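Chains, contacts and geometry: an overview
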Amino acid sequence: WCSCLAPRSAMEYDDGTKARAPDGSALLVGPALYAANKHIEESCKSVNKFFMQCKQEDRNPRSCMNQGKEVINCVNRVVQSIDAKCPAQFTAYARCLNKHHCHFEECRQEQAALESCMPLN
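These figures come from a predicted structure and were not determined experimentally. (Residues numbered from 1 in each chain as written. Predicted model: local features only at pLDDT ≥ 70, side-chain atom pairs only at ≥ 80, totals over all residues. Heavy atoms only, no water.)

1. Overview of the overall build of the protein
Check the secondary structure of the protein and you find five helices and three strands. Helices and strands in the protein line up, N terminus first, as β-β-β-α-α-α-α-α. Put simply, the protein has 121 residues, and 31% of those count as buried. Contacts in the protein between residues at least 24 apart in sequence constitute 55% of all its contacts with a sequence separation of at least 6. (Helix = DSSP H or I, 4+ residues; strand = E, 2+ residues; numbered from the N terminus. Buried < 20%, exposed > 50% of the residue type's maximum accessible area, 1.4 Å probe, protein only. Contact = heavy atoms within 4.5 Å.)

Rendered as structure tokens:
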């Protein structure tokens, strides 16, 4: 895996793009986030900017929790949208990234297929 949001022992991997927490809820793992990164950047730029500004202005992590939640919600919406509109392309790209340790250059064909299905603005 390129990176994960939780230790492997806490998850069961299904198709290489999602993992399951012990309670059964879906978690995003590295390859899916890498596959969605351009769409996340495009869609979540403003909420991420406010979050980063908050963190620079106040070193207390609790002060920026609401902005952090907004970023997480935005990322989840983007990934759900991609997965709903282009599930095969998204899964293929995430699997390729997983197989090639997130080396994008190895997965340009899958990336092109995803971006053809869901173009960037």
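2. Overview of the pattern of salt bridges
Counted under the stated rule, the structure contains one salt bridge. Two residues, Lys 38 and Glu 115, come together in a salt bridge whose shortest N-O distance is 3.5 Å. Of this pair, Lys 38 sits in helix α2 (residues 37-57) while Glu 115 sits in helix α5 (residues 108-117), and the two are 77 residues apart along the sequence. For Glu 115, a relative accessible area of 25% puts it in the partly exposed group. (Salt bridge = Lys/Arg side-chain N within 4 Å of Asp/Glu carboxyl O.)

3. Quick look at the packing of α2 against helix α3 (residues 65-85)
Across the interface, α2 lies against α3 with an axial gap of 8 Å and an inter-helix angle of 175°. Here α2 is positioned roughly antiparallel relative to α3, judged by the angle of their axes. Here His 39, Ile 40, Ser 43, Cys 44, Val 47, Asn 48, Phe 50, Phe 51 and Cys 54 of α2 come into contact with α3, specifically with Gln 67, Gly 68, Glu 70, Val 71, Cys 74, Val 75, Val 78, Val 79 and Ile 82. Residue composition of the contact of α2 with α3, by class: 12 nonpolar, five polar and one charged. (Axes fitted to C-alpha atoms, helices over the stretch in contact; angles between N-to-C directions. Parallel < 35°, antiparallel > 145°, perpendicular 65-115°, else oblique. Nonpolar A, V, L, I, M, F, W, Y, C, P; charged D, E, K, R; others polar.)

4. A look at the nonpolar core
Counting 25 residues, the largest nonpolar core has Ile 40, Val 75, Val 79, Ile 82 and Phe 90 as its most contacted members. Of all the secondary-structure elements, those providing two or more residues to this core are α1 (30-35), α2, α3 and α4 (87-99). Looking at this core, the element that brings in the most residues is α3, giving six residues. (Core = buried A, V, L, I, M, F, W, Y, C linked by side-chain atoms within 4.5 Å.)

5. Side note on the state of the cysteines
Each disulfide consists of one covalent bond between the sulfur atoms belonging to two cysteines. Throughout the structure, instances matching the rule amount to four disulfides. One disulfide bridge connects Cys 54 with Cys 64, the sulfur atoms lying 2.1 Å from each other. Linking Cys 54 and Cys 64, the disulfide has an S-S dihedral of approximately -95° and is accordingly described as left-handed. You can see Cys 54 sitting in helix α2 and its partner Cys 64 sitting in the loop between α2 and α3, a full 10 residues away along the chain. Each sulfur of the disulfide joining Cys 86 and Cys 117 lies 2.0 Å from the other. With the S-S dihedral at roughly -95°, the linkage between Cys 86 and Cys 117 falls on the left-handed side. In this pair, Cys 86 sits in the loop between α3 and α4 while Cys 117 sits in helix α5, placing the two residues 31 residues apart along the sequence. (Disulfide = S-S within 2.5 Å.)

6. Things to note about the environment of Leu 97
If you trace the backbone, Leu 97 turns up in helix α4. Along the sequence, Leu 97 and Gln 111 sit 14 residues apart, while their C-alpha atoms lie 9.6 Å from each other.

7. Here we look at the packing of α4 against α5
Close contact between α4 and α5 brings their axes to 9 Å; oriented N to C, the two are set at 155°. Looking at the two axes, α4 sits roughly antiparallel to α5. Both α4 and α5 take part in a crossing whose hand is left-handed. Contacts from Gln 89, Phe 90, Ala 92, Tyr 93 and Cys 96 in α4 reach Glu 110, Gln 111, Ala 113, Leu 114 and Cys 117 in α5. By residue class, the composition of the contact of α4 with α5 is seven nonpolar, two polar and one charged. (Left-handed = near helix turned anticlockwise from the far one by under 90°.)

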